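# Structure at a glance
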Amino acid sequence: MIISNKLESMDSLSKSEEILAKFILREKENIESLSTKDLAKATYTSPSTAVRLSKKLGFSGWNELKEKYLEELHYLNQHFSNIDPNYPFDTNDTFINVAAKIGHLASESIEDTLSLLKHTELQKAVELLHKSQHISIYGISNSLIMAYDFKHKMLRINKYVDIMNVPEEQPFVASNSTPQHVAILISYSGETEGVLKIANILKRNRTPLISLTSIGENSLRKLSDCALSISTREKLYSKIATYSTNNSIHLILDILYSCLFKMDYDRNLEYKTNVSKNVDERVSSSTLLKEE
């Protein structure tokens, strides 16, 4: 969960800590030059209040909290200047307006996801997937819907991906995993109880773990061998749909597939073409679609 959401939702704060949290959320970038003494003076609290609040949020002190919060604000201020990912259209929009806004949101979600991509994390994820012949994907709800397209693509280059249709099966499959397997766990919040349970099982079995999750510190990210960041713009519940999240997850999985394809490009291209010719019985009278 990002720091902004933590500051908004923490219910274990004292009255003085709550006042300070609201001050930070209101002042945003204006806190950059403020010390604990400055905060205490501005909020009629004490310097130790900032230290206590920082530690409750998982930081060593005020300076670390301030640094990470300012980094987060910088990210949140990029892109999405005109479209609210949670409510990208309203009741007064025409159908064409709705179409344009959803298209624009998709484009911004893609740009945002690419801006979060780190070369070292991507390389490690691709190498783990390349070495393994047994890949399992864990998650809940719509995240698994995105994963089925990934499975479909991977089958066409002879890479097998398991997705459990029954959620109750996931812990049992995880219990049978080994260090030779690799797991992809998808959780936007990184705090989903069922997903964390599976992550801990996988860690005990020493199965390499790749996570797709939101920016900032969360429990799933800490358990992962490598983490790829999902565009983090949506609220957990207050939204029309998971437009931005779905676009981001789909793009990351497409990138993983494409990088794997690239590692054995000629072999994969020949294999996929032959499989498609033998299995996909598709015809078309269009000259644009006809094969040579």
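Coordinates for the structure precede this section.
Summarised in this report is the structure supplied together with it. These numbers were taken from a predicted model, which means no experiment stands behind them.

## Details of the overall build of the chain
Broken down by element type, the chain carries 13 helices and 5 strands. With respect to the three principal axes, the spread of C-alpha positions in the chain is 75 × 55 × 35 Å. With 292 residues in all, the chain has 43% of them scored as buried. Here the analysis covers contacts within the chain between residues at least 6 apart in sequence; of these, 71% occur between residues at least 24 apart. Total accessible area computed for the chain in this model is approximately 16300 Å², and 53% of it derives from carbon and sulfur atoms. In the chain, the 35 positive side-chain charges and the 37 negative ones have mean positions that sit 5 Å from each other.

## Focus: unusual backbone geometry
Unusually for a residue other than glycine, Lys 28 sits at a positive phi of about 50°. Unusually for a residue other than glycine, Tyr 44 sits at a positive phi of about 60°. Structurally, Tyr 44 can be placed in the loop between helix H3 (36–43) and helix H4 (47–56). Assessed through its relative accessible area of 78%, Tyr 44 is described here as exposed.

## What about the pairing of strand S4 (residues 209–213)?
In terms of burial, S4 is a largely internal element, 5 of the 5 residues being buried. The alternating pattern of S4 places Leu 209, Ser 211 and Thr 213 on one face and Ile 210 and Leu 212 on the opposite face, and all of these are buried. Bridge analysis of strand S3 (residues 182–187) against S4 gives 5 bridges, and the strand direction is parallel. What sits directly across from Ile 184, in S4, is Ile 210. For the segment spanning S3, helix H10 (residues 193–204) and S4, crossover handedness is right-handed. In the sheet, S4 pairs with strand S5 (residues 226–229) via 4 bridges, with the strands oriented parallel. Bridge pairing in S5 places Ile 210 opposite Cys 226.

## Let's talk about the packing of aromatic side chains
Tallied over the entire structure, the rule returns 2 aromatic pairs. Ring centres of Tyr 257 and Phe 261 lie 6.0 Å apart, and the angle between their planes is 65°; this geometry places the pair in the edge-to-face category. A residue pair is termed a helical-turn pair when its members lie 3 or 4 positions apart in one helix, as Tyr 257 and Phe 261 do in helix H12 (residues 243–263) at 4 residues. Both residues of the pair, Tyr 257 and Phe 261, count as buried. For the ring pair Phe 261 and Tyr 265, a centre distance of 5.5 Å and an interplane angle of 80° mean the geometry is edge-to-face.

## A word on the sheet that holds S4
Pairing in this open sheet of 5 strands is parallel, and the strands run S2-S1-S3-S4-S5 from one edge to the other. Pairing within the sheet leaves two strands with one partner each, and these edge strands are strand S2 (160–163) and S5. The sheet shows a mean angle of 20° between the axes of neighbouring strands, direction not considered. Lying over the sheet, helix H7 (residues 119–131) contacts strand S1 (134–138), S3, S4 and S5, oriented at roughly 120° with respect to S5.

Here is what the cut-offs are and how they apply
Residues numbered from 1 in each chain as written. Predicted model: local features only at pLDDT ≥ 70, side-chain atom pairs only at ≥ 80, totals over all residues. Heavy atoms only, no water. Helix = DSSP H or I, 4+ residues; strand = E, 2+ residues; numbered from the N terminus. Buried < 20%, exposed > 50% of the residue type's maximum accessible area, 1.4 Å probe, protein only. Contact = heavy atoms within 4.5 Å. Areas by Shrake-Rupley, 256 points an atom, 1.4 Å probe, with all protein chains shown as cover. Lys, Arg positive; Asp, Glu negative; His and termini not counted. Charge placed at Lys NZ, Arg CZ, Asp CG, Glu CD. Pairing = 2+ DSSP bridges. Right-handed = clockwise from strand over helix to strand, strands pointing away. Phe/Tyr/Trp six-rings, centres within 6.5 Å; stacked < 30°, edge-to-face > 60°. Axes fitted to C-alpha atoms, helices over the stretch in contact; angles between N-to-C directions.

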